[in-house]
Protein chains: 2
Amino acid sequence: MLDALLSVGRRIDIGSSLSRTAAYTLATLDALGPSRVTDLAEREAVSQPAMTGLVQRLQASGHVRRDADPADGRSVLVGLTDAGRALVAERRLAYADAVARLVDRLDADEQQALQQALPALRRLTELAYEVQPMVTTTRSTHHRKESA
Amino acid sequence: MLDALLSVGRRIDIGSSLSRTAAYTLATLDALGPSRVTDLAEREAVSQPAMTGLVQRLQASGHVRRDADPADGRSVLVGLTDAGRALVAERRLAYADAVARLVDRLDADEQQALQQALPALRRLTELAYEVQPMVTTTRSTHHRKESA
DNA sequence: ACTAGATATATCACGGTGTTATGTAGTTGG
DNA sequence: CCAACTACATAACACCGTGATATATCTAGT
């Protein structure tokens, strides 16, 4: 049913040179704050070495910082830099715009059906992540008003 | 505000060792029949060299065949083998099961909202692909494609 | 028919992304 | 203290993508 339908996201492509995992990792860091490499790896469903490498590249590009964890000498706390936060915000806007451009081309009744399915879709996302609700609100700097 | 919601698909992971693009390429071949490398590349939004490489790997793994195009000596017609068709069918089932397991955990009203949004989601997918309706023919028998 | 240009695919060099296996340093508890 | 565990890094490898470019074929103008 929903089969391949949820692949829409795959076709929404924003210019940015970020990989899918990189983008989601930054978004996660924005939502959850500084996190450990292993936690990020688990959340993004990639191996720990993959996340280590990604974090290194993101650090090289200035989007994240790696700080020592005062509570555990083995651990590293990965956090967004201002540039990282800015990139997350920028991509969020670009993505929302892209989706909006698609949704605008739907009929009124289709749009309404989507609108009413939003809570279900949101829950679906939560369930897919199998973790606490993904805080999609940019609580870092400014708030974006959600329009219907 | 569908924003990150459409990322659900990203978390639905079937065991199979196919890359995202490989999986979609096989599905496309199942839906459209033998296609040229360039057409596949455009449809999957990757470069032609990337598709050439992917097709080579898929051929090596026995999932596609490459036949000469009788109408154009430069061209190659890529088509599914029986193994390729079987893999597509298998993945379709696995994916449907995974989605169903998620949807089952929604409330009845959420499920109904999703159900009613299905046409809209379908249209959204079509629009995202910006091409003719994706023939999601469930049964993977034989498909015939009218030439232009 | 010849030839210039367009087209379809392949190849090359390169870097990002992922895997498993393994190493190293820090933590934990008997 | 020391063995086991944990967090991260590294190595070796394959895959996936890019742009630049080569080769063969098709198309059209002359």
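Given the structure is predicted, the values throughout are model-derived calculations rather than measurements. (Residues numbered from 1 in each chain as written. Chains lettered and ligands numbered in written order. Predicted model: local features only at pLDDT ≥ 70, side-chain atom pairs only at ≥ 80, totals over all residues. Heavy atoms only, no water.)

This part is about the relation of the copies chain A and chain B. Of the transformation superimposing chain A on chain B, the axial component is 0.0 Å and the angular component is 180°, with the fit at an RMSD of 0.1 Å. Interpreted geometrically, this transformation is the action of a two-fold axis. (Least-squares fit on C-alpha atoms with pLDDT ≥ 70 in both.)

The next point concerns the interface of chain A and chain B. Facing 48 residues of chain A, the contacting portion of chain B comprises 44 residues. Summed over both partners, the interface of chain A with chain B buries about 4,500 Å², with 65% contributed by carbon and sulfur atoms. Inspection of the chain A/chain B interface yields 2 salt bridges. The partner of A:Glu110 in a salt bridge is B:Arg123, with the nearest N and O atoms 3.2 Å apart. For the side of chain A that touches chain B, the secondary structure elements donating two or more residues are helix H1 (8-11), helix H2 (20-32), helix H3 (37-43), helix H5 (82-103) and helix H6 (108-129) of chain A. No other element matches H6(A), which puts 16 residues into the side of chain A that touches chain B. Each residue belonging to the side of chain A that touches chain B can be placed in one class, and the counts come to 26 nonpolar, 7 polar and 15 charged. (Contact = heavy atoms within 4.5 Å. Buried area = accessible area lost by both parts, 1.4 Å probe. Salt bridge = Lys/Arg side-chain N within 4 Å of Asp/Glu carboxyl O. Helix = DSSP H or I, 4+ residues; strand = E, 2+ residues; numbered from the N terminus. Nonpolar A, V, L, I, M, F, W, Y, C, P; charged D, E, K, R; others polar.)

Bringing the packing of aromatic side chains into the picture now. All chains considered together, the criterion is met by 0 aromatic pairs over all chains. Over the face of the ring belonging to A:Tyr129 we find B:Arg11, whose NZ or CZ atom lies 4.3 Å from the ring centre. (Phe/Tyr/Trp six-rings, centres within 6.5 Å; stacked < 30°, edge-to-face > 60°. Lys NZ or Arg CZ within 6 Å of the ring centre and 35° of its normal.)

With respect to spatial proximity, 21 residues lie near DNA strand C, and among them A:Thr21, A:Ser47, A:Arg57, B:Thr38 and B:Arg66 are the closest. Sugar plus phosphate, as a fraction of atoms of DNA strand C within 4 Å of the protein: 69%. Secondary structure elements with two or more residues in the surface near DNA strand C: helix H4 (48-60) and strand E3 (72-80) of chain A together with helix H3 (37-44), helix H4 (48-60) and strand E3 (72-80) of chain B. It is H4(B) that provides the largest number of residues to the surface near DNA strand C, a total of 4 residues. Looking at the surface near DNA strand C residue by residue, the class counts come to 6 nonpolar, 9 polar and 6 charged. (Near = heavy atom within 4 Å.)

Taken together, 21 residues are adjacent to DNA strand D, and A:Thr38, A:Arg66, B:Thr21, B:Ser47 and B:Arg57 come closest. Near the protein, within 4 Å, the atoms of DNA strand D are sugar or phosphate in 71% of cases. Between A:Val37 and DNA strand D, the recorded distance is 3.3 Å, taken from a backbone N or O atom to a phosphate oxygen. In the environment of DNA strand D, a phosphate oxygen lies 2.9 Å from a nitrogen or oxygen atom belonging to the side chain of B:Ser19. For the surface near DNA strand D, the secondary structure elements donating two or more residues are H3, H4 and E3 of chain A together with H4 and E3 of chain B. Top element by residues in the surface near DNA strand D is H4(A). It accounts for 4 residues. Residues belonging to the surface near DNA strand D are distributed by class as follows: 6 nonpolar, 9 polar and 6 charged. (Polar contact = N/O pair within 3.5 Å; in protein donor to acceptor, adjacent residues only side chain to side chain.)

Residue and element names in this part refer to chain B. Pairing in this open sheet of 3 strands is antiparallel, and the strands run E1-E3-E2 from one edge to the other. Across the chains shown, the open sheet's two edge strands, defined by having one partner strand only, are strand E1 (35-36) and strand E2 (64-69). One ladder, built from 6 bridges, connects E2 with E3; its direction is antiparallel. Across the sheet, Ala 68 pairs through a bridge with Val 76, a residue of E3. Along the sheet, helix H2 (residues 20-32) contacts E1, E2 and E3; its crossing angle with E3, the most-contacted strand, is approximately 100°. (Pairing = 2+ DSSP bridges. Axes fitted to C-alpha atoms, helices over the stretch in contact; angles between N-to-C directions.)

This part takes up the nonpolar core. One broad trend across soluble globular proteins is that nonpolar side chains are buried collectively. Core analysis: the largest hydrophobic core is formed by 42 residues, its most contacted members being A:Leu2, A:Leu114, A:Leu124, B:Leu2, B:Leu114 and B:Leu124. Every element with two or more residues in this core is listed here: H5 and H6 of chain A together with helix H5 (82-103) and helix H6 (108-129) of chain B. Dropping the residues within four chain positions of it, A:Leu114 is found in contact with A:Val103, A:Leu106, A:Leu121, B:Leu2, B:Ala117, B:Ala120, B:Leu121 and B:Leu124. (Core = buried A, V, L, I, M, F, W, Y, C linked by side-chain atoms within 4.5 Å. Buried < 20%, exposed > 50% of the residue type's maximum accessible area, 1.4 Å probe, protein only.)

Residue and element names in this part refer to chain A. Here we have 3 strands laid out as an open sheet, ordered E1-E3-E2, and antiparallel in their pairing. Here the strands that pair on one side only, and so sit at the sheet edges, are strand E1 (35-36) and strand E2 (64-69). H2 contacts E1, E2 and E3 of the sheet and is inclined by roughly 100° relative to E3. Sitting on the sheet, H4 is in contact with E2 and E3, with an inclination near 120° to E2.

Below, the discussion takes up the packing of H3(B) against H4(B). All names here are of chain B. Remark: H3 packs on H4, axes separated minimally by 8 Å, with the N-to-C direction vectors making an angle of 110°. The angle between H3 and H4 places the two elements in the roughly perpendicular class. Seen from above, H3 lies across H4 with right-handed handedness. Contacts between H3 and H4 involve Val 37, Thr 38, Leu 40, Ala 41 and Glu 44 on the former and, on the latter, Gln 48, Met 51 and Thr 52. Counted by class, the contact of H3 with H4 contains 4 nonpolar, 3 polar and 1 charged residues. (Parallel < 35°, antiparallel > 145°, perpendicular 65-115°, else oblique. Left-handed = near helix turned anticlockwise from the far one by under 90°.)

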